[in-house]
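# A closer look at the structure
Below, each chain spelled out in residue letters.
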Amino acid sequence: MRNEEIYPYIDHTLLKPTATWEQIETLCQEALTYHTASVCIPPSYVKRVREAFADLNICTVIGFPNGYQTTEVKEFETKQAIAQGADEIDMVINQGDVKDGNFVKVKEEIERLKQACGSKILKVIIETCNLTEGEKIAMCQVVTEAGADYIKTSTGFGAAGATFEDIRLFADMIGEGVKMKAAGGVSSKEDLETFISLGCARIGTSSAVRLLTAQND
C-alpha cells in the first residue's frame, strides 16, 4: 500500500504520562501534515488542542489504562472530554467484571458511555492480553449489543498489544456495524498493512509517521 493510503487508518497517538505540550503539538502538526484519522491524546490536553487546532479530529481515552474506575467516573470523564472538544472516546472496560463473568454490568457501562457520547464515536478497549479466548468472544457480543462503534484490542500499556489472531477472532465474532481498532505493538509498515487487510478500520500507534517516512513508496 502507498503511505497516503495507510495514514487515514491511523489514530496518531501519544499517551505517555510524561507527554509535554511541545510533544503534543508536534503530534497534532504531523496529523495535519499526513492526514491521519485522528490524534489520540490524554484528556488533560483536549481543551488546549481543540483551541489550537480547530479542524483536527481529536480522540481521547477514558478509564485509562486500567479500566477499574467506577462507571460514574468514566461517565463524567466522557462528558467533560466531549464538552472540551473531543470527537472520539476510547474507553477501557472493567476487566475485573469480565473475570467475574459479570457481562451485564460491562454492557450497562458501555451503554451509559455511548449515551454520554451521543453522536460521537465510542471505541471499547478490552485489553486482549488479559483475557481468555472465551472472554474475548463474550466481549465481542457485549460490545455489539451495547451499541459501541468499535472494539479495540489494547491500551498499549498491557503485557502485549494487538495480534493478527485477535483481529481475526474479532472479525468472526463482532456484529454488523461494529468496527475494529488494533493498538499496541505495531512495529513495521507490514504490520500496518496486515491489520488493514484483516479489516481494521483504525490502528492506534505512536510510530506510524516514523515507520512510513522511513520507507520509500
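Up top you'll find the structure we're talking about.
Predicted model only: the values in this text are computed from it and were never measured. (Residues numbered from 1 in each chain as written. Predicted model: local features only at pLDDT ≥ 70, side-chain atom pairs only at ≥ 80, totals over all residues. Heavy atoms only, no water.)

## Notes on the state of the cysteines
The bond known as a disulfide is covalent and runs between the sulfur atoms of two cysteines. Tallied over the full model, the rule gives zero disulfides. With no disulfide of its own, Cys59 lies 3.6 Å from the sulfur of Cys40, the closest cysteine sulfur. No disulfide involves Cys117; its sulfur sits 10 Å from the nearest other cysteine sulfur, which is in Cys59. For Cys117, a relative accessible area of 4% corresponds to the buried category. (Disulfide = S-S within 2.5 Å. Buried < 20%, exposed > 50% of the residue type's maximum accessible area, 1.4 Å probe, protein only.)

## Comments concerning the packing of helix α4 (residues 71-83) against helix α6 (residues 103-117)
For the pair α4 and α6, the least separation of the axes is 9 Å and the interaxial angle reads 20°. In terms of orientation, α4 and α6 fall into the roughly parallel class. Helix-helix and strand crossings are classified by hand; for α4 and α6 the assignment is right-handed. Facing α4, whose interface residues are Thr71, Glu72, Lys74, Glu75, Thr78, Lys79 and Ile82, α6 presents Glu109, Arg112, Leu113, Ala116 and Cys117. Looking at side-chain class alone, the contact of α4 with α6 contains four nonpolar, two polar and six charged residues. (Axes fitted to C-alpha atoms, helices over the stretch in contact; angles between N-to-C directions. Helix = DSSP H or I, 4+ residues; strand = E, 2+ residues; numbered from the N terminus. Parallel < 35°, antiparallel > 145°, perpendicular 65-115°, else oblique. Left-handed = near helix turned anticlockwise from the far one by under 90°. Contact = heavy atoms within 4.5 Å. Nonpolar A, V, L, I, M, F, W, Y, C, P; charged D, E, K, R; others polar.)

## Things to note about the pattern of salt bridges
For the structure shown, the criterion picks out 21 salt bridges. For the salt bridge of Lys120 with Asp87, the shortest nitrogen-to-oxygen distance reads 3.8 Å. Here Lys120, found in the loop between α6 and β5 (121-125), pairs with Asp87, found in the loop between α4 and β4 (88-92); they are 33 residues apart in sequence, far enough to count as distant. Exposure remark for Lys120: the relative accessible area of 26% places this residue in the partly exposed category. (Salt bridge = Lys/Arg side-chain N within 4 Å of Asp/Glu carboxyl O.)

## Observations concerning α6
The end-to-end C-alpha distance of α6 is 21 Å, a good match for the 21 Å that 15 residues give at a rise of 1.5 Å each. The complete set of buried residues in α6 reads Val106, Glu109, Ile110, Leu113, Lys114, Ala116 and Cys117. Taken end-on, α6 shows its buried residues confined to a sector of 160°, consistent with a single buried face. Those residues of α6 that are exposed and angled more than 90 degrees off the buried face are Val104 and Gln115. On its buried face, α6 sits against β3 (58-62), α4, β4, α5 (95-99), β5 and α7 (133-146). (Expected span 1.5 Å × (residues − 1). Arc of directions from axis to C-beta.)

## Some remarks on the packing of aromatic side chains
All told, the structure shown has four aromatic pairs when counted by the stated rule. Aromatic pair Phe64 and Phe157: ring centres 5.3 Å apart, planes at 90°, arrangement edge-to-face. Remark: Phe157 occurs in the loop between β6 (150-152) and α8 (164-173) and Phe64 occurs in the loop between β3 and α4; sequence separation between them is 93 residues. Phe157 sits in the partly exposed class, given a relative accessible area of 44%. One residue, Lys123, lies across the ring of Tyr150, its end atom 5.8 Å from the ring centre. (Phe/Tyr/Trp six-rings, centres within 6.5 Å; stacked < 30°, edge-to-face > 60°. Lys NZ or Arg CZ within 6 Å of the ring centre and 35° of its normal.)

## Side note on the pairing of strand β1 (residues 10-13)
Residue alternation in β1 divides its side chains into two sets, Ile10 and His12 and Asp11 and Thr13, and both sets are buried. The pairing of β1 with strand β8 (residues 202-205) spans three bridges and is parallel. Residue pairing across strands places His12 opposite Thr205, the latter belonging to β8. Relative to strand β2 (residues 38-41), β1 is paired through three bridges, and the arrangement is parallel. Among the inter-strand pairings, Thr13 is bridged to a residue of β2, identified as Cys40. (Pairing = 2+ DSSP bridges.)

## Examining the side chain of Lys123
As for its placement among the helices and strands, Lys123 is situated in strand β5. For Lys123, a relative accessible area of 0% puts it in the buried group. Within polar-contact distance, the side chain of Lys123 engages the side chain of Glu88 at 2.6 Å. Aside from chain neighbours lying at most four places away, what touches Lys123 is Asp11, Cys59, Glu88, Ile89, Asp90, Met91, Tyr150, Lys181 and Arg202. (Polar contact = N/O pair within 3.5 Å; in protein donor to acceptor, adjacent residues only side chain to side chain.)

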